[in-house]
Amino acid sequence: MIRDADRKDIYELARALGELSEKARNGKLVAADMQGGSFTVSSLGGIGGTAFTPIINAPEIAILGVARAALKPIFNEQGGFVPRLMLPLSFSYDHRVIDGAAAVRFTTYLAEKLADVEGLLEAVNSHRDDYCTSCYTGRYQLPFPRHEAEVLKVEAGSGRDS
């Protein structure tokens, strides 16, 4: 579990994930390393998973499942097919806490951001050395403007660590 994830930039998240992954591979995780979260990201793509239905880990409020990306033929506006890298995502959430419309906006927004490879690379490269102050959106350090972060803030109000 990565504590205070909403206050970490992508490099701090990657570092924390690497440390936890190493502990897990070495059988060194303790209960405290896995407790206290409000949101989980689960990936089965690395072992070949193509789709799955993630189950929420109580008392968390949501889980995002990421399967293996694959090239698929996608019909385009010109009437032909083009190869496109598709990343299957599954989002399960507690309807008592998260409104379904907000969940759809979150997954749509996430898919749009993940599909914008140039934008992702630009965000990472422009924030590598110094996180610019215009990217601070309240508690959330995000590499995009404040108005785009509002979609994510709808989902993030649990008050617990992520």
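Residues numbered from 1 in each chain as written. Predicted model: local features only at pLDDT ≥ 70, side-chain atom pairs only at ≥ 80, totals over all residues. Heavy atoms only, no water.

1. Some remarks on the sheet that holds strand E1 (residues 39–43)
Pairing is mixed in the open sheet, where three strands are placed in the order E1-E2-E5. Every other strand in the sheet has two partners, leaving E1 and strand E5 (89–93) as the edge strands with one partner each. Averaged over all pairs of adjacent strands, the angle between their axes in this sheet comes to 15 degrees, without regard to strand direction. For E1 and strand E2 (residues 62–66), the ladder comprises five bridges, and the chain directions are parallel. Note that in E2 the partner of Val41 across the bridge is Leu64. (Pairing = 2+ DSSP bridges. Helix = DSSP H or I, 4+ residues; strand = E, 2+ residues; numbered from the N terminus. Axes fitted to C-alpha atoms, helices over the stretch in contact; angles between N-to-C directions.)

2. Some remarks on a nonpolar patch on the surface
Together, Leu87, Leu89, Leu114 and Leu120 give the surface a local cluster of nonpolar side chains, amounting to about 290 Å² of exposed area. With respect to the secondary-structure elements, Leu114 resides in helix H2 (residues 100–115). Given a relative accessible area of 38%, Leu114 falls into the partly exposed group. (Patch = residues over 30% accessible without salt bridge, like charges linked within 9 Å, V, L, I, M, F, W, Y side chains within 5 Å. Areas by Shrake-Rupley, 256 points an atom, 1.4 Å probe, with all protein chains shown as cover. Salt bridge = Lys/Arg side-chain N within 4 Å of Asp/Glu carboxyl O. Buried < 20%, exposed > 50% of the residue type's maximum accessible area, 1.4 Å probe, protein only.)

3. Observations regarding the nonpolar core
Ile61, Ala62, Leu64, Val66, Phe91, Tyr93, Ile98, Ala103, Phe106 and Leu110 form the largest nonpolar core, which has 10 residues in total. Not counting chain neighbours up to four residues away, the residues in contact with Ala62 comprise Ser38, Phe39, Thr40, Ile56, Phe91, Ser92, Tyr93 and Ile98. (Core = buried A, V, L, I, M, F, W, Y, C linked by side-chain atoms within 4.5 Å. Contact = heavy atoms within 4.5 Å.)

4. Here we look at the environment of Ala103
Within the secondary structure, Ala103 sits in helix H2. Separated by 41 residues in sequence, Ala103 and Ala62 place their C-alpha atoms 9.6 Å apart.

5. Digging into the side chain of Asp33
Structurally, Asp33 can be placed in the loop between helix H1 (10–25) and E1. Looking at Asp33, the relative accessible area reads 15%, which means it is buried. Setting aside residues up to four positions removed in sequence, Asp33 forms contacts with Met1, Leu20, Lys23 and Lys28.

6. Notes on the layout of surface pockets
Taken as a whole, the second largest pocket spans an internal volume of roughly 340 Å³. Every residue along the wall of the second largest pocket is listed here: Ala69, Arg84, Leu85, Met86, Leu87, Leu89, Ala111, Leu114, Ala115 and Val117. Of all the elements in the fold, those that place two or more residues in the lining of the second largest pocket are strand E4 (81–86) and H2. Here the residues of the lining of the second largest pocket sort into nine nonpolar, no polar and one charged. (1 Å grid on protein atoms, 1.4 Å probe; cavity = no way out; pocket = protein on both sides within 12 Å on 5 of 7 lines; lining within 4 Å. Points joined across faces, edges and corners; volume = space filled by probe spheres on them. Nonpolar A, V, L, I, M, F, W, Y, C, P; charged D, E, K, R; others polar.)

7. Concerning the confidence of the model for the chain
When pLDDT is averaged across the chain, the result is 77; 77% of the residues are at 70 or more. Contacts of residues 129–162 to residues separated by more than four positions or lying in other chains number 71 contacts, the stretch itself having pLDDT below 50. (pLDDT = per-residue confidence, 0-100.)

8. Topic: H2
With 16 residues, H2 extends 22 Å between its outermost C-alpha atoms, agreeing within 8% with the 22 Å of an ideal straight helix rising 1.5 Å per residue. All buried positions along H2 are accounted for by Ala102, Ala103, Phe106, Tyr109 and Leu110. Viewed along the axis of H2, the buried residues span an arc of 130 degrees, placing them on a single side of the element. Measuring from the backbone nitrogen of Ala101 back to the side-chain oxygen at the start of H2 gives 3.2 Å, which picks out Asp99 as the cap. (Expected span 1.5 Å × (residues − 1). Arc of directions from axis to C-beta. Polar contact = N/O pair within 3.5 Å; in protein donor to acceptor, adjacent residues only side chain to side chain.)

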